[in-house]
Amino acid sequence: MDTRLLLQANCDRLLEQYEANMKVVRELQSTLIEDVLPSLADELALDSEQIAWANQYLEDSQTIFQLLRRENFTRSFAMESIRKNLLWRFKKLWPPEPELPLTRVYFLPADVRDPFGRPIIIIQAIGFKNSSDTYIPLLIRAMEQFRLRLKTLNDTSDQGFPVLQYIVLFDVKDLSVQNLSVDLISWVLRDLVPRFPGMLAAVFIVNSSWAHSGMWNIAKRVLPASAVSRVFFSSPKELVAFFTPASLPKDYGGSIPPLYSLASRPATPGSASSSPELTKLHSDIGASTSLSPAHISPTSLLNPFFGYPASMARGSPLLQHGRRRKRDLLHTLAVLFWLRWRRLITTCLWLIPLVLAGRLWFRKWLLLSPSGAFLLRNWWESLTM
(Lines give C-alpha, C1' and ligand atoms only; values in the text may rest on other atoms or scores of the structure.)
Protein backbone atom coordinates (compact mmCIF):
# COMPACT_ATOMS: atom_id res chain seq x y z
CA MET A 1 0.00 0.00 0.00
CA ASP A 2 1.14 3.57 -0.72
CA THR A 3 2.75 5.26 2.33
CA ARG A 4 0.31 8.18 2.27
CA LEU A 5 -2.74 5.93 2.04
CA LEU A 6 -1.47 3.67 4.81
CA LEU A 7 -0.79 6.56 7.19
CA GLN A 8 -4.11 8.20 6.35
CA ALA A 9 -5.95 4.95 7.09
CA ASN A 10 -4.11 4.60 10.43
CA CYS A 11 -4.86 8.22 11.33
CA ASP A 12 -8.56 7.94 10.46
CA ARG A 13 -8.94 4.68 12.37
CA LEU A 14 -7.25 6.13 15.48
CA LEU A 15 -9.47 9.24 15.49
CA GLU A 16 -12.57 7.07 15.03
CA GLN A 17 -11.55 4.93 18.01
CA TYR A 18 -10.88 8.05 20.07
CA GLU A 19 -14.31 9.54 19.35
CA ALA A 20 -16.09 6.21 19.85
CA ASN A 21 -14.46 5.55 23.24
CA MET A 22 -14.41 9.04 24.78
CA LYS A 23 -17.28 8.19 27.13
CA VAL A 24 -15.38 5.13 28.36
CA VAL A 25 -12.21 7.24 28.76
CA ARG A 26 -14.06 9.85 30.86
CA GLU A 27 -15.61 7.18 33.07
CA LEU A 28 -12.23 5.51 33.50
CA GLN A 29 -10.60 8.81 34.44
CA SER A 30 -13.30 9.46 37.01
CA THR A 31 -12.80 6.04 38.61
CA LEU A 32 -9.02 6.44 38.63
CA ILE A 33 -9.11 9.89 40.22
CA GLU A 34 -11.86 9.19 42.76
CA ASP A 35 -11.04 5.60 43.75
CA VAL A 36 -7.64 4.37 42.57
CA LEU A 37 -5.58 7.48 43.34
CA PRO A 38 -6.80 7.86 46.99
CA SER A 39 -6.01 4.18 47.59
CA LEU A 40 -2.56 4.64 46.07
CA ALA A 41 -2.01 7.78 48.13
CA ASP A 42 -2.68 5.84 51.34
CA GLU A 43 -0.46 2.97 50.21
CA LEU A 44 2.51 5.22 49.36
CA ALA A 45 1.80 7.96 51.95
CA LEU A 46 1.72 10.61 49.23
CA ASP A 47 1.63 14.30 50.10
CA SER A 48 -0.65 16.86 48.47
CA GLU A 49 1.95 17.86 45.87
CA GLN A 50 2.46 14.26 44.76
CA ILE A 51 -1.31 13.66 44.60
CA ALA A 52 -1.73 16.78 42.43
CA TRP A 53 1.09 15.60 40.12
CA ALA A 54 -0.53 12.16 39.70
CA ASN A 55 -3.92 13.80 39.16
CA GLN A 56 -2.51 15.86 36.26
CA TYR A 57 -1.34 12.65 34.62
CA LEU A 58 -4.75 11.00 35.01
CA GLU A 59 -6.45 14.08 33.50
CA ASP A 60 -4.46 13.61 30.27
CA SER A 61 -7.29 12.15 28.18
CA GLN A 62 -5.07 11.31 25.22
CA THR A 63 -2.66 9.28 27.36
CA ILE A 64 -5.47 7.43 29.15
CA PHE A 65 -7.04 6.65 25.77
CA GLN A 66 -3.76 5.19 24.45
CA LEU A 67 -3.36 3.03 27.57
CA LEU A 68 -6.97 1.85 27.26
CA ARG A 69 -6.44 1.12 23.56
CA ARG A 70 -3.28 -0.87 24.36
CA GLU A 71 -5.45 -3.13 26.56
CA ASN A 72 -7.98 -3.63 23.71
CA PHE A 73 -10.44 -1.25 25.44
CA THR A 74 -10.93 -3.61 28.40
CA ARG A 75 -11.51 -1.36 31.44
CA SER A 76 -10.33 -3.76 34.14
CA PHE A 77 -7.05 -4.47 32.37
CA ALA A 78 -6.53 -0.76 31.66
CA MET A 79 -7.11 0.20 35.31
CA GLU A 80 -4.52 -2.29 36.50
CA SER A 81 -2.07 -1.17 33.82
CA ILE A 82 -2.50 2.53 34.71
CA ARG A 83 -2.11 1.80 38.43
CA LYS A 84 1.20 0.03 37.74
CA ASN A 85 2.19 2.95 35.55
CA LEU A 86 1.57 5.39 38.41
CA LEU A 87 3.82 3.35 40.72
CA TRP A 88 6.53 3.33 38.04
CA ARG A 89 6.21 7.08 37.48
CA PHE A 90 6.71 7.85 41.17
CA LYS A 91 9.80 5.68 41.12
CA LYS A 92 11.32 7.05 37.90
CA LEU A 93 9.90 10.54 37.33
CA TRP A 94 9.32 12.08 40.74
CA PRO A 95 10.12 14.86 41.42
CA PRO A 96 9.26 16.51 38.07
CA GLU A 97 11.99 18.55 36.44
CA PRO A 98 12.20 21.34 33.86
CA GLU A 99 12.58 20.39 30.22
CA LEU A 100 16.12 19.53 29.23
CA PRO A 101 17.35 20.70 25.82
CA LEU A 102 17.78 17.30 24.19
CA THR A 103 20.93 16.94 22.11
CA ARG A 104 20.22 16.31 18.42
CA VAL A 105 16.44 16.21 18.98
CA TYR A 106 14.47 18.93 17.16
CA PHE A 107 10.80 19.75 17.64
CA LEU A 108 9.63 21.55 14.51
CA PRO A 109 7.44 24.64 15.13
CA ALA A 110 3.91 23.91 16.31
CA ASP A 111 2.37 25.12 13.06
CA VAL A 112 4.53 22.74 10.99
CA ARG A 113 2.69 19.44 10.59
CA ASP A 114 2.60 16.37 8.39
CA PRO A 115 -0.22 16.07 5.81
CA PHE A 116 -2.56 14.72 8.52
CA GLY A 117 -1.95 17.43 11.12
CA ARG A 118 0.58 15.62 13.32
CA PRO A 119 3.64 17.38 14.80
CA ILE A 120 7.11 16.41 13.58
CA ILE A 121 10.23 15.50 15.55
CA ILE A 122 13.63 15.15 13.92
CA ILE A 123 16.15 12.94 15.72
CA GLN A 124 19.75 12.79 14.53
CA ALA A 125 20.96 9.49 15.96
CA ILE A 126 24.42 8.73 17.34
CA GLY A 127 26.03 5.63 18.80
CA PHE A 128 26.21 4.87 22.50
CA LYS A 129 29.75 5.26 23.78
CA ASN A 130 29.03 4.67 27.46
CA SER A 131 27.20 2.00 29.41
CA SER A 132 23.57 1.52 28.42
CA ASP A 133 22.48 2.25 32.00
CA THR A 134 23.92 5.75 31.62
CA TYR A 135 21.24 6.69 29.08
CA ILE A 136 18.18 5.18 30.74
CA PRO A 137 17.28 8.20 32.96
CA LEU A 138 17.59 10.58 30.02
CA LEU A 139 15.44 8.40 27.76
CA ILE A 140 12.72 8.20 30.41
CA ARG A 141 12.74 12.00 30.81
CA ALA A 142 12.71 12.43 27.03
CA MET A 143 9.59 10.26 26.61
CA GLU A 144 7.84 12.19 29.39
CA GLN A 145 8.83 15.39 27.63
CA PHE A 146 7.26 14.11 24.41
CA ARG A 147 4.04 13.28 26.27
CA LEU A 148 3.85 16.70 27.91
CA ARG A 149 4.39 18.47 24.59
CA LEU A 150 1.49 16.55 23.05
CA LYS A 151 -0.70 17.51 26.02
CA THR A 152 0.28 21.17 25.66
CA LEU A 153 -0.50 21.10 21.94
CA ASN A 154 -3.97 19.72 22.68
CA ASP A 155 -4.62 22.16 25.53
CA THR A 156 -3.77 25.15 23.31
CA SER A 157 -5.07 23.87 19.96
CA ASP A 158 -8.16 25.20 18.25
CA GLN A 159 -8.30 22.25 15.82
CA GLY A 160 -11.45 20.20 15.62
CA PHE A 161 -9.58 16.98 16.40
CA PRO A 162 -6.98 15.98 19.03
CA VAL A 163 -3.28 15.48 18.35
CA LEU A 164 -2.57 11.90 19.38
CA GLN A 165 0.76 11.08 17.77
CA TYR A 166 4.07 12.35 16.45
CA ILE A 167 5.79 11.77 13.14
CA VAL A 168 9.53 11.11 13.58
CA LEU A 169 12.28 11.71 11.05
CA PHE A 170 15.14 9.48 12.22
CA ASP A 171 18.42 10.57 10.64
CA VAL A 172 20.95 7.70 10.88
CA LYS A 173 23.76 9.29 8.89
CA ASP A 174 26.04 9.50 11.96
CA LEU A 175 24.87 6.23 13.51
CA SER A 176 27.36 3.40 13.24
CA VAL A 177 25.91 -0.07 13.66
CA GLN A 178 29.06 -0.94 15.64
CA ASN A 179 27.98 1.48 18.40
CA LEU A 180 24.44 0.19 18.73
CA SER A 181 23.50 -1.21 22.10
CA VAL A 182 21.23 -4.23 21.67
CA ASP A 183 20.49 -4.29 25.42
CA LEU A 184 19.39 -0.65 25.41
CA ILE A 185 17.21 -1.08 22.33
CA SER A 186 15.60 -4.16 23.89
CA TRP A 187 14.92 -2.23 27.10
CA VAL A 188 13.30 0.65 25.16
CA LEU A 189 10.99 -1.72 23.25
CA ARG A 190 10.23 -3.99 26.20
CA ASP A 191 9.97 -1.57 29.15
CA LEU A 192 9.87 2.07 28.06
CA VAL A 193 7.55 2.22 25.04
CA PRO A 194 4.69 0.36 26.83
CA ARG A 195 4.74 3.15 29.46
CA PHE A 196 4.06 5.71 26.71
CA PRO A 197 2.07 3.72 24.13
CA GLY A 198 0.83 4.97 20.77
CA MET A 199 2.77 8.24 20.59
CA LEU A 200 4.51 7.49 17.28
CA ALA A 201 2.43 7.40 14.11
CA ALA A 202 5.40 6.60 11.87
CA VAL A 203 9.18 6.74 11.71
CA PHE A 204 10.85 7.87 8.49
CA ILE A 205 14.48 6.69 8.41
CA VAL A 206 16.65 8.97 6.29
CA ASN A 207 20.30 8.97 5.19
CA SER A 208 20.53 5.21 5.69
CA SER A 209 23.21 2.92 4.27
CA TRP A 210 23.19 -0.74 3.31
CA ALA A 211 24.46 -1.55 6.83
CA HIS A 212 21.41 0.12 8.43
CA SER A 213 19.10 -1.69 6.01
CA GLY A 214 20.75 -4.99 6.91
CA MET A 215 20.29 -4.36 10.64
CA TRP A 216 16.65 -3.48 10.06
CA ASN A 217 16.07 -6.69 8.08
CA ILE A 218 17.26 -8.59 11.14
CA ALA A 219 15.38 -6.46 13.71
CA LYS A 220 12.02 -6.57 11.98
CA ARG A 221 11.92 -10.36 12.32
CA VAL A 222 11.40 -9.99 16.08
CA LEU A 223 9.21 -6.86 16.07
CA PRO A 224 5.41 -6.97 15.91
CA ALA A 225 3.88 -6.38 12.49
CA SER A 226 2.17 -3.20 13.72
CA ALA A 227 5.57 -1.67 14.54
CA VAL A 228 7.23 -2.82 11.31
CA SER A 229 4.45 -1.28 9.21
CA ARG A 230 5.16 2.16 10.69
CA VAL A 231 8.84 2.30 9.71
CA PHE A 232 9.77 3.67 6.28
CA PHE A 233 13.20 4.01 4.66
CA SER A 234 12.88 7.18 2.60
CA SER A 235 15.04 8.87 -0.01
CA PRO A 236 15.25 12.70 -0.02
CA LYS A 237 12.88 12.83 -2.99
CA GLU A 238 10.31 10.58 -1.28
CA LEU A 239 10.56 12.62 1.92
CA VAL A 240 9.80 15.91 0.16
CA ALA A 241 7.00 14.29 -1.85
CA PHE A 242 5.25 13.11 1.33
CA PHE A 243 5.78 16.10 3.63
CA THR A 244 6.01 18.92 1.02
CA PRO A 245 8.81 21.53 1.32
CA ALA A 246 6.74 23.70 3.69
CA SER A 247 6.94 20.96 6.38
CA LEU A 248 10.67 20.25 6.21
CA PRO A 249 13.80 22.21 7.18
CA LYS A 250 16.33 23.07 4.50
CA ASP A 251 18.57 20.26 5.80
CA TYR A 252 16.11 17.77 4.29
CA GLY A 253 15.11 19.58 1.11
CA GLY A 254 12.37 21.76 2.62
CA SER A 255 11.82 25.49 2.79
CA ILE A 256 11.69 26.22 6.53
CA PRO A 257 14.87 27.38 8.35
CA PRO A 258 17.66 24.81 8.92
CA LEU A 259 17.82 22.83 12.14
CA TYR A 260 20.61 24.81 13.79
CA SER A 261 18.36 27.90 13.80
CA LEU A 262 15.46 26.13 15.50
CA ALA A 263 15.72 26.76 19.22
CA SER A 264 14.09 24.10 21.38
CA ARG A 265 11.70 25.94 23.73
CA PRO A 266 10.20 24.26 26.81
CA ALA A 267 6.57 23.30 26.34
CA THR A 268 5.75 23.08 30.04
CA PRO A 269 7.39 24.71 33.03
CA GLY A 270 8.97 22.42 35.56
CA SER A 271 8.15 22.55 39.22
CA ALA A 272 11.60 21.63 40.49
CA SER A 273 15.17 22.41 39.64
CA SER A 274 17.00 20.16 37.23
CA SER A 275 18.96 17.37 38.89
CA PRO A 276 22.76 17.72 38.70
CA GLU A 277 23.03 14.10 37.52
CA LEU A 278 20.80 14.57 34.47
CA THR A 279 22.32 17.95 33.64
CA LYS A 280 25.82 16.44 33.74
CA LEU A 281 24.63 13.45 31.70
CA HIS A 282 23.21 15.74 29.04
CA SER A 283 26.46 17.71 28.94
CA ASP A 284 28.51 14.52 28.63
CA ILE A 285 26.36 13.31 25.73
CA GLY A 286 26.70 16.63 23.98
CA ALA A 287 30.46 16.61 24.51
CA SER A 288 30.82 13.04 23.26
CA THR A 289 29.07 13.87 20.01
CA SER A 290 31.60 14.33 17.26
CA LEU A 291 29.29 16.59 15.24
CA SER A 292 27.44 19.62 16.60
CA PRO A 293 23.77 20.33 15.83
CA ALA A 294 25.07 22.96 13.35
CA HIS A 295 26.89 20.36 11.30
CA ILE A 296 26.51 20.74 7.51
CA SER A 297 26.77 17.59 5.44
CA PRO A 298 29.65 17.49 2.91
CA THR A 299 27.07 16.76 0.19
CA SER A 300 24.55 19.42 1.25
CA LEU A 301 23.73 22.12 -1.29
CA LEU A 302 23.98 24.58 1.61
CA ASN A 303 27.65 23.71 2.13
CA PRO A 304 29.96 26.26 0.42
CA PHE A 305 32.84 23.78 0.87
CA PHE A 306 31.10 20.99 -1.03
CA GLY A 307 32.89 17.70 -0.44
CA TYR A 308 34.22 18.66 2.99
CA PRO A 309 32.40 18.64 6.36
CA ALA A 310 31.52 22.11 7.62
CA SER A 311 29.73 23.62 10.58
CA MET A 312 28.04 26.88 11.45
CA ALA A 313 29.81 29.26 13.79
CA ARG A 314 27.99 32.50 14.60
CA GLY A 315 25.94 32.14 11.45
CA SER A 316 28.89 31.60 9.11
CA PRO A 317 29.92 28.25 7.60
CA LEU A 318 33.44 27.10 8.42
CA LEU A 319 35.45 24.01 7.56
CA GLN A 320 34.97 21.59 10.42
CA HIS A 321 38.65 20.65 10.64
CA GLY A 322 40.00 24.04 9.66
CA ARG A 323 41.30 22.85 6.29
CA ARG A 324 40.38 20.75 3.27
CA ARG A 325 41.57 17.26 4.11
CA LYS A 326 42.10 14.77 1.30
CA ARG A 327 40.59 11.94 3.32
CA ASP A 328 37.36 13.95 3.77
CA LEU A 329 37.13 14.48 0.02
CA LEU A 330 37.85 10.79 -0.66
CA HIS A 331 35.16 9.84 1.84
CA THR A 332 32.66 12.14 0.12
CA LEU A 333 33.57 10.75 -3.32
CA ALA A 334 33.13 7.22 -2.00
CA VAL A 335 29.71 8.13 -0.57
CA LEU A 336 28.61 9.72 -3.86
CA PHE A 337 29.91 6.71 -5.82
CA TRP A 338 27.95 4.37 -3.56
CA LEU A 339 24.76 6.46 -3.84
CA ARG A 340 25.08 6.50 -7.62
CA TRP A 341 25.92 2.83 -8.18
CA ARG A 342 24.67 1.01 -5.05
CA ARG A 343 21.77 -0.70 -6.81
CA LEU A 344 24.04 -2.10 -9.53
CA ILE A 345 26.68 -3.14 -6.97
CA THR A 346 24.09 -4.77 -4.74
CA THR A 347 22.58 -6.62 -7.70
CA CYS A 348 26.01 -7.89 -8.75
CA LEU A 349 26.80 -9.03 -5.21
CA TRP A 350 23.59 -11.07 -5.23
CA LEU A 351 24.13 -12.46 -8.74
CA ILE A 352 27.72 -13.68 -8.17
CA PRO A 353 26.84 -16.26 -5.47
CA LEU A 354 23.76 -17.29 -7.47
CA VAL A 355 25.88 -17.92 -10.58
CA LEU A 356 28.48 -19.84 -8.56
CA ALA A 357 25.77 -21.91 -6.90
CA GLY A 358 24.21 -22.58 -10.29
CA ARG A 359 27.51 -23.75 -11.74
CA LEU A 360 28.11 -26.03 -8.79
CA TRP A 361 24.63 -27.50 -9.09
CA PHE A 362 25.06 -28.03 -12.84
CA ARG A 363 28.34 -29.90 -12.29
CA LYS A 364 26.78 -32.15 -9.70
CA TRP A 365 23.83 -32.79 -12.01
CA LEU A 366 26.16 -33.78 -14.88
CA LEU A 367 28.14 -36.15 -12.71
CA LEU A 368 25.42 -37.69 -10.57
CA SER A 369 22.16 -37.73 -12.52
CA PRO A 370 21.55 -40.41 -15.23
CA SER A 371 20.47 -37.81 -17.80
CA GLY A 372 23.48 -35.64 -17.00
CA ALA A 373 25.85 -38.60 -17.33
CA PHE A 374 24.23 -39.52 -20.66
CA LEU A 375 24.71 -36.01 -22.04
CA LEU A 376 28.29 -35.91 -20.79
CA ARG A 377 29.07 -39.29 -22.45
CA ASN A 378 27.57 -38.19 -25.76
CA TRP A 379 29.53 -34.94 -25.64
CA TRP A 380 32.80 -36.81 -25.00
CA GLU A 381 32.13 -39.30 -27.79
CA SER A 382 31.44 -36.46 -30.23
CA LEU A 383 34.82 -34.93 -29.38
CA THR A 384 36.76 -38.16 -29.78
CA MET A 385 35.22 -39.32 -33.07
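Everything that follows concerns the structure shown earlier in this document.
Rules and cut-offs
Per chain, residue numbering runs from 1 following the sequence as it is written. Reporting of local features is limited, given that this is a predicted model, to residues whose pLDDT is at least 70; pairs of side-chain atoms are given and counted only at 80 or more, and all residues count toward the totals for whole chains, interfaces and linings. Think of the side-chain values as coming from all heavy atoms in the structure, minus any hydrogens and water. Helix numbering and strand numbering both begin at the N terminus, where a helix is a DSSP run of H or I of at least 4 residues and a strand a DSSP run of E of at least 2. Burial status follows relative accessibility: with a 1.4 Å probe on protein chains alone, a residue under 20% of its type maximum counts as buried, one over 50% as exposed, and anything between as partly exposed. The criterion used for residue contact is that any of the two residues' heavy atoms lie within 4.5 Å. The Shrake-Rupley method, run with a 1.4 Å probe, gives the accessible areas here. Residue values count only the displayed protein chains as cover. In summary, the pairing rule links any two rings of Phe, Tyr or Trp, Trp by its six-membered ring, whose centres are within 6.5 Å, and it sorts them by plane angle into stacked for under 30 degrees, edge-to-face for over 60 and tilted for everything else. We call a set of buried residues a nonpolar core when its members are Ala, Val, Leu, Ile, Met, Phe, Trp, Tyr or Cys and they connect through side-chain atoms within 4.5 Å of each other. The pairing criterion for strands is at least two bridges between them, as found by DSSP. Each axis is a line fitted through C-alpha atoms, and for a helix only the stretch in contact is used; angles between axes span 0 to 180 degrees, taken between their N-to-C directions. Each angle gets one of four labels, with under 35 degrees taken as roughly parallel, over 145 as roughly antiparallel, 65 to 115 as roughly perpendicular, and the rest as oblique. Here is the rule for handedness: rotate from the far helix to the near one, and if that takes an anticlockwise turn smaller than a right angle the crossing is left-handed, while a clockwise turn gives right-handed. All amino acids are sorted into three groups, where Ala, Val, Leu, Ile, Met, Phe, Trp, Tyr, Cys and Pro are nonpolar, Asp, Glu, Lys and Arg are charged, and the leftover types, Gly among them, are polar. Throughout this description, the term salt bridge denotes a Lys or Arg side-chain nitrogen within 4 Å of a carboxyl oxygen of Asp or Glu.

**Q** Tell me about the overall build of the chain, and please be specific about residues and values.
**A** Regarding its fold elements, the chain presents 13 helices and eight strands. Burial status across the chain gives 40% buried among its 385 residues. Partitioning the intrachain contacts of the chain with sequence separation of at least 6 by distance along the chain shows that 71% fall at a separation of at least 24. When the accessible surface of the chain is split by element, carbon and sulfur atoms take 60% of a total near 22300 Å².

**Q** Before we move on, could you go through the packing of aromatic side chains and cite the residues and values that matter?
**A** A full pass over the atoms with the stated rule returns 13 aromatic pairs. Here Phe65 and Phe73 contribute two aromatic rings whose centre-to-centre distance is 6.1 Å and whose plane-to-plane angle is 45 degrees, an arrangement assigned as tilted. With relative accessibility at 26%, the residue Phe73 sits in the partly exposed group. Look at Phe204 and Phe243: their rings are 5.1 Å apart centre to centre, the planes differ by 65 degrees, and that puts the pair in the edge-to-face class. Of this pair, Phe204 sits in strand 4 (residues 200–206) while Phe243 sits in helix 10 (residues 236–243), and the two are 39 residues apart along the sequence.

**Q** Explain the environment of Ile345 residue by residue, including any values.
**A** Structurally, the position occupied by Ile345 is in helix 12 (residues 326–368). Other than its neighbours up to four places away in sequence, Ile345 contacts Phe337 and Trp338.

**Q** I'd love a proper account of the nonpolar core, names of residues and values included.
**A** In summary, soluble globular proteins display a tendency toward joint burial of nonpolar side chains. In this structure, Leu58, Ile121 and Phe146 are the most contacted members of the largest nonpolar core, which totals 56 residues. Considering each element in turn, this core owes the most residues, nine residues, to helix 6 (residues 132–156). In this structure Phe146 touches Leu102, Val105, Phe107, Ile121, Tyr166 and Met199, once residues within four positions along its chain are discounted. In this structure, Leu7, Ile120, Val206 and Leu239 belong to the second largest nonpolar core, which totals 24 residues.

**Q** Quick one: what's the story with the pairing of strand 2 (residues 120–124), residue by residue and with numbers?
**A** Summarising burial for strand 2: five of the five residues are buried, a large majority. Side chains Ile120, Ile122 and Gln124 of strand 2 all project onto a buried face; the interleaved residues Ile121 and Ile123 project onto the opposite face, where all are buried too. Note that strand 1 (residues 105–107) and strand 2 share three bridges and pair antiparallel. By the bridge assignment, Tyr106 is partnered in strand 2 with Ile122. Direction of pairing for strand 2 relative to strand 3 (residues 166–171): parallel, over a ladder of five bridges.

**Q** Summarise the packing of helix 4 (residues 61–70) against helix 5 (residues 75–92); cite the residues concerned and give the values.
**A** As a packed pair, helix 4 and helix 5 sit with axes 8 Å apart at the nearest point and diverge in direction by 125 degrees. Looking at the two axes, helix 4 sits oblique to helix 5. Read as a crossing pair, helix 4 and helix 5 show a hand that is right-handed. Of the residues in helix 5, those in contact with Ile64, Leu67, Leu68 and Arg70 of helix 4 are Arg75, Ala78, Ser81, Ile82 and Asn85. Taken together, the residues of the contact of helix 4 with helix 5 break down into five nonpolar, two polar and two charged.

**Q** Hey, could you go over the pairing of strand 4 for me, with residue numbers and the actual values?
**A** Of all seven residues in strand 4, six are buried, a share of seventy percent or more. Of the pairings in the sheet, the one linking strand 3 to strand 4 comprises six bridges and is parallel in character. When the sheet's bridge partners are listed, Leu169 is paired in strand 4 with Phe204. Bridging between strand 4 and strand 5 (residues 231–233) involves three bridges; their strand directions are parallel. The residue bridging Phe204 from the neighbouring strand is Phe232, located in strand 5.

**Q** With reference to specific residues and values, describe the pattern of salt bridges.
**A** A pair can form between side chains of opposite charge whenever their charged atoms are brought close. As enumerated under the stated definition, the model contains eleven salt bridges in all. Between Asp60 and Arg147 there is a salt bridge whose closest N-O contact spans 2.8 Å. Here Asp60 is found in the loop between helix 3 (48–58) and helix 4, whereas its partner Arg147 is found in helix 6, with 87 residues between them in sequence. This pair shows no difference in class: Asp60 is buried, exactly as Arg147 is. Among the charged side chains, a network of salt bridges with common partners joins Asp60, Arg89, Glu144 and Arg147.

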